[in-house]
Amino acid sequence: LVRTKTFPNDTTGYRSFDVDSLSGVIIDVDEFDWAVPGNGIVIWHIDENVINEKIAENKVNTDKTRRGVDVEEADGVQDIGEVFYTIFGDQVIGEGTEEDFWHNDNPATLFKNRFAKDTRPNTLTNTGANSLITINDFSEIDNRMSFRVEFGDSVVKPLFTINLQNIPIIYNISSVNFKSEMFFVTSSDISKLHIFNEDTILYSNPIFSRSKPATLVLNNEFHVYGSNSELLNFWITDGNTSFEGNFILPDLITTPIIINHKSNGENELWFGTQNGKLYVFNLGQLPDISPTLKNIIDIGVSLVPRRIVVQDNFYAVISSSSENLNLYQSSLGSVNLSGEIPTNIALTKNNSGDYVSIILTDNNNIYIISNGSILNRFQLSPENPIDFFILSDIKLDGNNYVVVKNKNQVEAYNFNGAMADNFPLNIESNNDIITISSIVSADIEGSAKPEIIVSTHYGEIYAFDGGSGKLISGFPITIGQILAATPSLFLSEEKVNLIAANQTQINAWSISSVAGKLYWSEEYGNPQNTSFIDAAENTNRINEFFPANRAYNYPNPVYEGTTNIRYYVAEDSKISIKIFDLAGDFVAELNDDAQGGMDNETVWNVGDIQSGVYLARIEANSTTGKTEQAVIKIAVVK
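Structure report, in brief. Remember, it's a predicted structure, so these values are computed and weren't measured experimentally.

Helix and strand counts for the protein chain stand at 1 helix and 47 strands. Projected onto its principal axes, the C-alpha positions of the protein chain cover 95 × 85 × 45 Å. When burial is assessed residue by residue, the protein chain has 51% of its 638 residues classed as buried. Accessible surface, the protein chain as shown: approximately 30400 Å² in total, 47% of it carbon and sulfur.

Have a look at this one:
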């Protein structure tokens, strides 16, 4: 039985609970907003991630801090559904009022006729990321109302979104500027390659590369090289003519392909194979010249190369074998890693122009190697496995830094193993579990000093000032779903842009308003996969031999275990640290060697030290005869 009921028009003072004559199942109404408490525009926040995650359990809105469907109340007080108690103990459940509607004449105290990232309520996502949406200039109440929607803010602006159809799971993404147009190169878990721009797919190959392809634009030719089992695959185009093919190797290719763009203008392909060989090829060329073999370097038949770094005439390779022989080998010498398995490698230069290799092992140890010798070895946090790092010139103090993830923190170390000032960086999110998945680096503020750009597993992207450690305005942003690959940074009109992918779409943003510079722009450093960053700038280098204001210890106070006594010397020096209690009695002496031009640290174990305040006199004696000292206070609390 269907019955129709008619109610008089809404009047002043009308409340929904005044109507008690509704019964049965309502199947239609002619005025859907007749029973709402006012007039104006209603804004709903729809979170598809929450809906997809919880709809099967019928719990889309059970978590009031992370609802799948939520009304944004214009009065700035999210009280609908909240439980309150009067002074008499009566329970009251919040209902909507006329001040929850968006319109120009809303009298609510917090109403600003603007809905943005910094208003109350705000346009941030449920995870706290910047949605880049601003809605403002709501008109007066009328049958037809207007408002303005803006995308982006003063720095971060969305560029485009590409919906992925029939593209398998993306493993990596790279950016290429070809003839003033940006193209993006992706490979998937089944080796499928796609090259596309915002509008069209330029090229596809179902079996092109199992690792990240290497790309280069050379003489108006777009080169792409990848590997799949024993095949070296290539594709070259000038936009009109294309040439593709492969080269069959006698054994499996075990490293990513690298393009070495040499200072003399030559260009080479480098990769390693399972039988202990490094292959060097000349690049192919249009219209029909395939890559040609240039050289083979035998590193040992029992050794399997895992990663190669190449720059100009220098190369280095990390390898492993079933005999537990794990080596670092380069054109300048070899180092046995004493049973540790090397997992990652990067390359830079010091201020003297010498190549410096940085190696990460399965024990979370970092090796600093130059001219075939170990300069230093230090351990990162031993509690959590660390599987990658980047290099970046975050301080412009003459030193590149090793930047790593550690759960929800980003840590940065100089080559002495000392933590950089204002690190670690803490990633704060409304997600219950934060896992950092990737790190890249670029100067996006035009300061010549790079920022650290951090992505989480759940698709949130943060940018931090490498000097101060502060979050950059406009961040975090989000791709909305689980991140598929390390984002890629690219320049367009000299400004830094970012592209990131989940499994359903690719999003791109402009993330700088001024000319910027790329440092570590994607997985393996750059589109050529060289994992190389040039020598650090000396803009902020400290020339004072032993600045007293850079001598301190952390943690301070120290409650147990150890504290790090930190100091800076401009020249290589011998360090003597003598520790006294407040009565002047001698407690301990520590001696160390300090490397010039960077912060150094000496560890003091306070396990047997009683609670109290101690004075540490740090004396530095340089190899050129300079001597200076500083005194710091150390508090021990037990």
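The subject of this paragraph is the layout of surface pockets. For the largest pocket, the calculated volume is near 1500 Å³. Lining the largest pocket are 48 residues, and of these D47, N49, T125, T478 and G480 sit closest to its centre. Within the residue set of the lining of the largest pocket, elements represented by two or more residues are β1 (43-46), α1 (48-54), β6 (133-136), β7 (148-151), β8 (157-163), β36 (477-478) and β39 (505-510). A per-class count over the lining of the largest pocket returns 20 nonpolar, 21 polar and 7 charged.

Looking now at the sheet that holds strand β25 (residues 342-349). Strand order in this open sheet of 4 strands is β25-β26-β27-β28, and the pairing throughout is antiparallel. Sheet topology places β25 and β28 (373-379) at the edges, where each strand pairs with a single neighbour. When the angles between neighbouring strand axes are averaged without regard to direction, this sheet yields 20°. Where strand β26 (residues 355-361) lies against strand β27 (residues 365-370), 5 bridges are found, and the strand directions are antiparallel. Each bridged residue has a counterpart across the sheet, and for V356 the counterpart in β27 is S370.

Counting residues in hydrophobic clusters, the biggest one holds 37 residues, and the most contacted among them are I358, V410 and F423. With 4 residues, strand β30 (residues 401-406) is the single largest residue contributor to this core. When residues no more than four places from it in sequence are discounted, the contact partners of V410 are V403, V404, F423, P424, L425, I436, I439, I452 and V454. Core analysis: the second largest hydrophobic core is formed by 24 residues, V558, I577, I609 and V636 among them.

Parameters and conventions
- Throughout, residues of each chain are indexed from 1 in the direction in which the sequence is written.
- Only residues with pLDDT of at least 70 get local features here, since the model is predicted, and only at 80 or more are side-chain atom pairs given and counted; chain-wide, interface and lining totals rely on the full set of residues.
- In computing side-chain properties, one takes all heavy atoms of the structure into account and sets aside hydrogens as well as water.
- For the purposes of this entry, the term helix denotes a DSSP run of H or I that reaches at least four residues, the term strand denotes a run of E that reaches at least two, and both are numbered from the N terminus.
- In this scheme, a residue with accessible area under 20% of its type's maximum is buried, one over 50% is exposed, and one in between is partly exposed, where area comes from a 1.4 Å probe on protein chains only.
- Only the protein chains shown count as cover for residues, and all accessible areas are computed by the Shrake-Rupley method using a 1.4 Å probe.
- Lining residues are those with an atom within 4 Å of a point, where the points come from a 1 Å grid over the protein atoms alone and group into cavities, where a 1.4 Å probe fits but cannot get out, or pockets, open sets with protein on both sides within 12 Å along at least five of seven lines.
- Grid points are joined across faces, edges and corners, and a volume is the space filled by probe spheres set on the points.
- Classification convention: Asp, Glu, Lys, Arg as charged; Ala, Val, Leu, Ile, Met, Phe, Trp, Tyr, Cys, Pro as nonpolar; all other residues, Gly among them, as polar.
- Here a strand pair is declared whenever DSSP counts at least two bridges between the two strands.
- Axis lines are fitted through C-alpha atoms, for helices just across the contact stretch, and the angle between N-to-C directions can take any value from 0 to 180 degrees.
- The set of buried Ala, Val, Leu, Ile, Met, Phe, Trp, Tyr and Cys residues whose side-chain atoms join them within 4.5 Å is what this entry labels a nonpolar core.
- Every residue pair with non-hydrogen atoms within 4.5 Å of one another is taken to be in contact.

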